[in-house]
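A look at the structure
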Amino acid sequence: MTRRPTPAPGDRVSRRGFLGAAVAGSASAVAAATALTTSPAAADSDAPVTPPTAYPFQGRHQSGILEPAQRASAFVAFTVTSPDRARLQQMLKTLTSTIRYLMTGRGVPYDGMVSTSYENGVLGPDVAPDGLTVTVSVGSSLFDDRFGLKSAKPARLRPMDDFPNDALDRSVCDGDLMLQICANNHDTVLHALRILTRATRADLQVRWRTEGFTSPPRPAGTPRNLLGFKDGTANKEVLDSPEVIDQIVWTKGGGDEPAWVEGGSYHVVRLIRMFVEFWDRVSVLEQQRMMGRDRDSGAPLTGSKEFDLPDYRHDPYGNVVPATAHIRLANPHDGTVDDQRMLRRSFNYSAGTDPNGQLDMGLIFACFNQDLDRQFVTVQKRLIDEPLVDYISPFGGGYFFALPGVRDDDDWLGRDMLSSRR
């Protein structure tokens with residue numbers, strides 16, 4: 001069966017009006033916006049949550065990591081074609097200024113095309129930020145011989161592992177640089193993508209691209225994936241605690257890691273095909289036993305509400321939640337793997353049909369980790385040969401490192417990386 005990564009398919013605020021209100025981006029502002037939109041009360045409430053109009057651009061960390069997943073997304077991996085280190089630096093500065101403009105309306109960057117409008121008209125004459133975030137991450141191949149960055153490579157960054165049960169197509173894996181573009185609406189994502197690729201056309205060549213969406217909560221709580229189950233419930237354990245966020249999301253400099261990685265995060269993207277025609281023929285009871293959760297409520301099979309913690313102490317033999325269930329393998333909840341948790345930020349995708357007429361849809365699994373090997377890789381190894389592998393097939397994606405944030409008007413993405421000394 002051929003698997004293709006073909007792309008699938010608030011308040012209006014003018015850029016001038018937005019400028020005064022939301023440009024004062026800082027780490028505290030990011031934290032405040034995150035707390036507002038990920039609070040337990042909001043997660044447990046039946047009332048709809050209005051997505052924020054805008055997120056701050058500047059801060060210790062990039063946006064698009066702690067914020068709840070927006071409705072629309074694009075993941076675009078690039079090959080960097082800059083001829084030398086100086087051009088690489090200029091490209092990163094251009095990316096920074098362009099993202100700042102897109103998120104805040106500040107300073108239309110000059111791109112050399114004086115006879116054409118900088119804007120593309122996709123959002124009309126009054127362009128609103130629309131909850132846009134653009135997260136820039138770098139891949140291991142950027143640290144080859146081209147730019148003299150070998151000594152600056154994050155210690156655990158490498159091409160994506162090929163695990164048992166994967167069916168990786170290396171043409172849609174990895175890349176020198178990744179843009180994760182998310183917004184409240186699909187046209188906002190496409191608007192940003194076109195402006196970003198135009199601004200960097202001489203230095204970035206698209207390697208692969210996929211687009212995703214987040215379903216609304218149905219009826220409440222965490223959105224569902226295309227297998228019908230809530231996806232990302234365990235994030236509440238992470239987002240409710242700043243201390244946990246610091247322990248499992250943000251990478252620390254020192255030891256075998258270069259100092260510049262402080263405040264960044266290992267960014268994993270996995271494109272996972274779901275064989276939904278076969279899944280839809282499986283009984284709900286069996287689906288729930290594979291997942292370990294009730295399909296309707298999202299509750300673990302040992303509980304009654306979505307955010308109940310699984311209780312395996314009274315189910316040591318897997319009579320309620322099978323020992324091979326996805327949630328039990330991922331986290332046995334015995335206190336021994338708390339530092340292996342990760343922050344998920346995944347999206348659904350739908351890409352039409354494959355050449356055999358089968359529905360091509362699934363999950364863009366994305367997560368952020370302090371330590372790639374301690375977290376994602378360790379958990380993925382526990383999931384090898386789980387029963388769910390008969391119904392899913394990872395085929396693409398990559399390991400990347402999300403750069404630390406832009407702290408002030410003079411800073412730019414990747415600045416410390418390019419000046420790094422171990």
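Quick caveat: nothing in here was measured; it's all calculated off a predicted structure. (Residues numbered from 1 in each chain as written. Predicted model: local features only at pLDDT ≥ 70, side-chain atom pairs only at ≥ 80, totals over all residues. Heavy atoms only, no water.)

Here the focus is the overall build of the protein. When helices and strands are counted, the protein shows 12 helices and 9 strands. With 422 residues in all, the protein has 54% of them scored as buried. (Helix = DSSP H or I, 4+ residues; strand = E, 2+ residues; numbered from the N terminus. Buried < 20%, exposed > 50% of the residue type's maximum accessible area, 1.4 Å probe, protein only.)

A few words now on the packing of aromatic side chains. Inspection of every chain in the model, using the stated rule, returns 9 aromatic pairs. Taken together, a centroid distance of 6.3 Å and an interplanar angle of 70° make the contact between Phe 229 and Trp 279 edge-to-face. Of this pair, Phe 229 sits in the loop between strand E4 (204-213) and helix H6 (235-239) while Trp 279 sits in helix H8 (residues 276-279), and the two are 50 residues apart along the sequence. Each member of the pair, Phe 229 together with Trp 279, is buried. When the ring of Phe 365 is compared with that of Phe 376, the centres are 6.0 Å apart and the planes differ by 40°; the resulting orientation is tilted. Taken together, the residues span a long stretch of sequence, with Phe 365 in strand E8 (residues 359-369) and Phe 376 in helix H11 (residues 373-382) at a distance of 11 residues. You'll find Phe 365 and Phe 376 in the same group, each marked buried. Ring pairs connect the aromatic residues Phe 163, Phe 365, Phe 376 and Tyr 399, which therefore count as one cluster. Here the guanidinium or amino end of Lys 236 rests over the ring plane of Phe 307, the centre of that ring lying 5.5 Å away. (Phe/Tyr/Trp six-rings, centres within 6.5 Å; stacked < 30°, edge-to-face > 60°. Lys NZ or Arg CZ within 6 Å of the ring centre and 35° of its normal.)

We now examine the pattern of salt bridges. Going through the model one piece at a time under the given rule, you end up with 23 salt bridges. When the shortest N-O distance is used, the salt bridge between Arg 156 and Glu 257 registers 3.1 Å. Note that Arg 156 is positioned in the loop between strand E2 (133-138) and strand E3 (177-183) and Glu 257 in the loop between helix H7 (242-248) and strand E5 (265-274), a separation of 101 residues in sequence. An identical accessibility class is assigned to Arg 156 and Glu 257; each is buried. A salt bridge links Arg 270 to Asp 166; its shortest N-O distance comes to 2.8 Å. Of this pair, Arg 270 sits in strand E5 while Asp 166 sits in the loop between E2 and E3, and the two are 104 residues apart along the sequence. Comparing Arg 270 with Asp 166 shows no difference in burial state: the two are buried. (Salt bridge = Lys/Arg side-chain N within 4 Å of Asp/Glu carboxyl O.)

If you look at the biggest cluster of nonpolar residues, it comprises 75 residues, and the most contacted ones within it are Leu 177 and Phe 376. When residues in this core are grouped by element, the largest group, 8 residues, is from helix H4 (residues 85-104). Excluding residues within four positions of it along the chain, Phe 376 makes contact with Phe 163, Val 268, Arg 270, Met 342, Phe 365, Cys 367, Asn 369, Asp 371 and Tyr 399. Phe 75, Val 172, Leu 271 and Phe 400 belong to the second-largest nonpolar core, a separate cluster that totals 15 residues. (Core = buried A, V, L, I, M, F, W, Y, C linked by side-chain atoms within 4.5 Å. Contact = heavy atoms within 4.5 Å.)

We now examine the pairing of strand E1 (residues 72-80). Regular strands place their side chains on alternate faces of the sheet. In terms of burial, E1 is a largely internal element, 8 of the 9 residues being buried. As paired elements, E1 and E3 share 7 bridges and run antiparallel to each other. In the strand pairing of E3, Val 76 is matched with Leu 179. Sheet topology places E1 next to E4; 9 bridges connect them, and they run antiparallel. (Pairing = 2+ DSSP bridges.)

Our focus in this paragraph is the environment of Asp 166. The exposure class of Asp 166 is buried, given its relative accessible area of 15%. Discounting chain neighbours no more than four positions away, the residues touching Asp 166 are Asp 161, Arg 270 and Pro 394.

Let's shift gears to the confidence of the model for the protein. The predicted coordinates of low-pLDDT regions are not to be read in fine detail. Of all residues in the protein, 86% attain a pLDDT of 70 or more, and the chain-wide mean is 89. Across residues 1-45 the pLDDT falls below 50, and counting only partners more than four positions away or on other chains, this stretch makes 102 contacts in the model. (pLDDT = per-residue confidence, 0-100.)

In this fold, Thr 94 is placed in helix H4. Setting aside chain neighbours within four positions, we find Thr 94 in contact with Ala 199 and Thr 200.

Okay, H11 next. Those residues of H11 that fall on the buried side of the exposure criterion are Gln 375, Phe 376, Val 377, Val 379 and Gln 380. Along the axis of H11, the buried positions cluster into a sector of 160°, meaning they face one direction only. Check the buried side of H11 and you find it contacts H7, E5, helix H10 (326-330), E8 and strand E9 (392-402). (Arc of directions from axis to C-beta.)

This next bit is on H4. Given a rise of 1.5 Å per residue, 20 residues ought to cover 28 Å, and the 28 Å separating the end C-alpha atoms of H4 matches this to within 8%. Downstream of H4 by a residue or two, Gly 105 has a phi angle that is positive, lying close to 85°. (Expected span 1.5 Å × (residues − 1).)

As a further point, take the environment of Asn 235. Inspection of the secondary structure puts Asn 235 in helix H6. For Asn 235 and Arg 345, which are 110 residues apart along the polypeptide, the C-alpha to C-alpha distance reads 8.8 Å. Ignoring sequence-local partners within four residues, the contact set of Asn 235 consists of Met 342, Leu 343 and Arg 344.

At their nearest, the axes of H4 and helix H5 (residues 186-199) sit 10 Å apart, and the two run at 155° to each other. When the interaxial angle is binned, H4 and H5 end up roughly antiparallel. Seen from above, H4 lies across H5 with right-handed handedness. Contacts between H4 and H5 pair Thr 94, Leu 95, Thr 98, Ile 99, Tyr 101 and Leu 102 from the former with His 191, Ala 192, Ile 195, Leu 196 and Ala 199 from the latter. In terms of residue class, the contact of H4 with H5 is made up of 8 nonpolar, 3 polar and no charged. (Axes fitted to C-alpha atoms, helices over the stretch in contact; angles between N-to-C directions. Parallel < 35°, antiparallel > 145°, perpendicular 65-115°, else oblique. Left-handed = near helix turned anticlockwise from the far one by under 90°. Nonpolar A, V, L, I, M, F, W, Y, C, P; charged D, E, K, R; others polar.)

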